[in-house]
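# Residue-level structure breakdown
Listed here are the chains, written in short residue letters.
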Amino acid sequence: MSENTTPLPDFTRWPSFPFEGDMRVKKLAAPVDVEPPRSGEDGSDCVACGTSDDSYIWVSERWRVRAMDRPTGLPMVLILECRSHLDLGDLPNLLAAELGVMTVRLERAIRSLDGVARVHVNRWGDGSAHLHMWFLARPYGRLQLRGTFLSLWDDILPVVPESQWRENLAMVAAWLADFGGTANAEPAHIAWESSGKLNVPTDTGHTETGRTETGRTDAGHTDADRPENLGDVG
């Protein structure tokens, strides 16, 4: 079998590209005749539909917002979902209009957090049939994280402290609740009897385990694989 000599695309030389060293382009697989169904395609096994409101940081009559089950490398990663089992192109006019309002509102809430410069809003839709929009916060001043590869950097950066992560979740939930709905997220509580040690529960109630649609997964990765601080990323 001859070696793949396809030239690397220009973006591998961008400052924001997370990797360096010897790389090669994967061989492109042949197209399939019929694409497999996405998760929850018919609604009977839809994870989003079967998840209770307790697993979301904020809920309303028609929308819900959830987080990862643990902190990641970015200050905030959230997912906006509609309650109805619909995809983007299936939204009726009311929900379509509300999606615009909710997108702007959630972006503003995340951008109000300390240390957040920009919020990337993404919709891939190849993994789950239930509409879900990703909101990823870029840390202020980290220009190398700008643009397309922010979701990849989320798996590379040191994990945000859990107390700060919970505080951020609570602030975003409270911001949204000012316009209606119910905030379920609360900041970590200080256990005063433990000399100010933060008492952070380990069970967050969130069921999200990875971003499979973008190639991201928690399988095989532990916090021990992460650098301890941003200075170790290089």
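Residues numbered from 1 in each chain as written. Predicted model: local features only at pLDDT ≥ 70, side-chain atom pairs only at ≥ 80, totals over all residues. Heavy atoms only, no water.

Under an unreviewed UniProt entry, the protein has the name HIT domain-containing protein and belongs to Actinoplanes couchii.

Bringing the environment of N184 into the picture now. Among the secondary structure elements, N184 is positioned in the loop between strand 6 (182-183) and strand 7 (189-191). With a relative accessible area of 31%, N184 lands in the partly exposed category. Along the sequence, N184 and S55 sit 129 residues apart, while their C-alpha atoms lie 8.4 Å from each other. Leave out the neighbours within four places in its chain, and N184 touches D53, Y56, I57, W58 and V59. In this structure the side chain of N184 is engaged in a polar contact, spanning 3.0 Å, whose partner is the backbone oxygen of D53. (Helix = DSSP H or I, 4+ residues; strand = E, 2+ residues; numbered from the N terminus. Buried < 20%, exposed > 50% of the residue type's maximum accessible area, 1.4 Å probe, protein only. Contact = heavy atoms within 4.5 Å. Polar contact = N/O pair within 3.5 Å; in protein donor to acceptor, adjacent residues only side chain to side chain.)

Moving on, we come to the pattern of salt bridges. Scanning all chains against the criterion turns up 11 salt bridges. One salt bridge connects R66 with E81, and the closest N-O pair in it is separated by 2.4 Å. Pair noted here: R66 is in strand 2 (residues 63-67) and E81 is in strand 3 (residues 77-82), with a separation of 15 residues, a long-range link. Given a relative accessible area of 15%, R66 falls into the buried group. Salt bridges here are not isolated pairs; linked through shared partners, they connect R38, E41, D87 and R123. (Salt bridge = Lys/Arg side-chain N within 4 Å of Asp/Glu carboxyl O.)

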